[in-house]
Amino acid sequence: MLKANYFIQSAYTVDLSQEGARLDGVGFLTTPGQILEIRRLWRKAKFRVVWTGQVGTTESNQIGVLRLQADKDIWHARLPEDEAVQSPKKPNPPKK
């Protein structure tokens, strides 16, 4: 039996797609593969963490999440058609 560790943490959305999002302000409590319940206002849905930002980079404290419940849209944002086919990917490293 899996033990659930419940915690509440505030974060904000950096990028958004139909399938998921990139969140900032998450800290060190998540690892890829974890399932999170993300809430926005009174709406909530389950997401899987697909990547975490490397400590010491501009992506530190950021995570990419993939929506697991296709019928639940917590953001209710209208996205451009091009964005609708993209999924949350790890951002490209900054060019030097």
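What counts, and at which threshold
- Residues numbered from 1 in each chain as written.
- Predicted model: local features only at pLDDT ≥ 70, side-chain atom pairs only at ≥ 80, totals over all residues.
- Heavy atoms only, no water.
- 1 Å grid on protein atoms, 1.4 Å probe; cavity = no way out; pocket = protein on both sides within 12 Å on 5 of 7 lines; lining within 4 Å.
- Points joined across faces, edges and corners; volume = space filled by probe spheres on them.
- Phe/Tyr/Trp six-rings, centres within 6.5 Å; stacked < 30°, edge-to-face > 60°.
- Helix = DSSP H or I, 4+ residues; strand = E, 2+ residues; numbered from the N terminus.
- Buried < 20%, exposed > 50% of the residue type's maximum accessible area, 1.4 Å probe, protein only.
- Lys NZ or Arg CZ within 6 Å of the ring centre and 35° of its normal.
- Nonpolar A, V, L, I, M, F, W, Y, C, P; charged D, E, K, R; others polar.
- Pairing = 2+ DSSP bridges.

Caption draft 1: Representation of empty space enclosed by the protein. Summed over the entire model, instances satisfying the criterion amount to one cavity of 30 Å³ or more. Within this model, the largest cavity holds a volume of roughly 90 Å³. Lining the largest cavity, in full, are Leu16, Ser17, Gln18, Glu19, Gly20, Phe47, Arg67, Asp73, Trp75, His76, Ala77 and Leu79.

Caption draft 2: Fine view of the packing of aromatic side chains. Here the structure, examined in full by the defined rule, presents one aromatic pair. Between Phe47 and Trp75 the ring centres are 5.6 Å apart and the planes differ by 80°, which places this aromatic pair in the edge-to-face class. One end of the pair, Phe47, is in strand β4 (residues 43-52); the other, Trp75, is in the segment after β5 (62-67), with 28 residues separating them in the sequence. The buried category is assigned to Phe47, whose relative accessible area is 1%. Against the face of Trp42 rests Arg43, its NZ or CZ located 4.8 Å from the ring centre.

Caption draft 3: Just the layout of surface pockets, in detail. Of the volumes computed, that of the largest pocket is approximately 960 Å³. Taken together, 25 residues make up the lining of the largest pocket; nearest its centre are Phe7, Leu36, Glu37, Ile38 and Arg39. Contributions of two or more residues to the lining of the largest pocket are made by β1 (12-16) and β3 (35-40). If one sorts the elements of the lining of the largest pocket by residue count, β3 sits on top with six residues. Of the residues that constitute the lining of the largest pocket, the class distribution is 15 nonpolar, six polar and four charged.

Caption draft 4: Examining the pairing of β3 more closely. With six bridges joining them, β3 and β4 adopt antiparallel strand pairing. Among the inter-strand pairings, Glu37 is bridged to a residue of β4, identified as Lys46. Once β3 ends, the chain turns through two residues before running back antiparallel as β4, passing Leu41 with a positive phi of about 55°.

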